[in-house]
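# An overview of the molecular structure
Here is what each chain is made of, one letter per residue.
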Amino acid sequence: ISRQLGSLGTRIARDVAQRLDYRLVWREVINEAARRAGAPEVALATIDDLGLLGLQPSQEALQAYEEAVREVMGDLADEGEVVIVGRAGQVILAGRADVLHVRIIAPPEVRVGRIASRQQIPEAAARAQMEESDRTRRAYLLHTYQVAWNDPQLYDLVLNTARMTVPSAADLIIHARRAARRERDRG
């Protein structure tokens, strides 16, 4: 699941994982990849979506980390029964028939309102967070994988949560997952 800040994507991922009794993996990918790569500073820089820590790991550490992310994602997909949030899974696991790629979006004004409400901050601060998060995620996918984060062809399903509850979005994802599995099994 790829998600925009303020789109409810992480909550939806949790709901899907809980209802399917799947493992939810989010920042664990970062931690495991950093451990395998021997690059803990990359984990901190990666978790710091807004760039507040100002960390700049070496190119060697970044390359080792990116290779480790690919390994961790492949291992998780091979294990199955997992919901992976973020970390460019739509690119790393592209082409795998056993993976459903979902993008969760919402209009900027909706996202700003959600961020401001959740964090109890002014809308201007929420907008700044949203814009920085979008910029960081867009730049990461473009620089690391040479793809546009918002390219709908990277995803099997794109959900706009502006007028959708978390349970409704989870219902759609679960239905799409089951339908894709039936199609794959048919053959």
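Residues numbered from 1 in each chain as written. Predicted model: local features only at pLDDT ≥ 70, side-chain atom pairs only at ≥ 80, totals over all residues. Heavy atoms only, no water.

Turning to helix H6 (residues 108-119), a few remarks are in order. Since the α-helix packs 3.6 residues into each turn, any two residues three or four apart lie on the same face. The terminal C-alpha atoms of H6 lie 16 Å apart, and with twelve residues this matches the ideal 16 Å at 1.5 Å per residue to within 8%. Turning to H6, the residues buried within the fold contact helix H7 (123-145). Backbone geometry just downstream of H6 places Gln120 in the positive-phi region, at approximately 55°. (Helix = DSSP H or I, 4+ residues; strand = E, 2+ residues; numbered from the N terminus. Expected span 1.5 Å × (residues − 1). Contact = heavy atoms within 4.5 Å.)

Turning next to the pattern of salt bridges. All chains considered together, the criterion is met by 15 salt bridges. The salt bridge partner of Arg36 is Glu32, with a shortest N-O separation of 2.9 Å. Residue Arg36 and its partner Glu32 are located together in helix H2 (residues 27-37), separated by four residues, close to a single helical turn. By relative accessible area, which is 23% here, Glu32 ends up partly exposed. Each of the salt bridges in this network shares a partner with another, and the network as a whole consists of Glu32, Arg35, Arg36, Glu71 and Asp75. (Salt bridge = Lys/Arg side-chain N within 4 Å of Asp/Glu carboxyl O. Buried < 20%, exposed > 50% of the residue type's maximum accessible area, 1.4 Å probe, protein only.)

Between helix H1 (residues 9-20) and helix H8 (residues 166-186), whose axes approach to 9 Å, the crossing angle comes to 55°. One way to sum up the angle between H1 and H8 is to call them oblique. At the point where H1 passes H8, the crossing takes the right-handed sense. Contacts from Arg11, Ile12, Asp15, Val16, Arg19 and Leu20 of H1 reach H8 at Val166, Pro167, Ala169, Ala170, Asp171, Ile173, Ile174 and Arg178. (Axes fitted to C-alpha atoms, helices over the stretch in contact; angles between N-to-C directions. Parallel < 35°, antiparallel > 145°, perpendicular 65-115°, else oblique. Left-handed = near helix turned anticlockwise from the far one by under 90°.)

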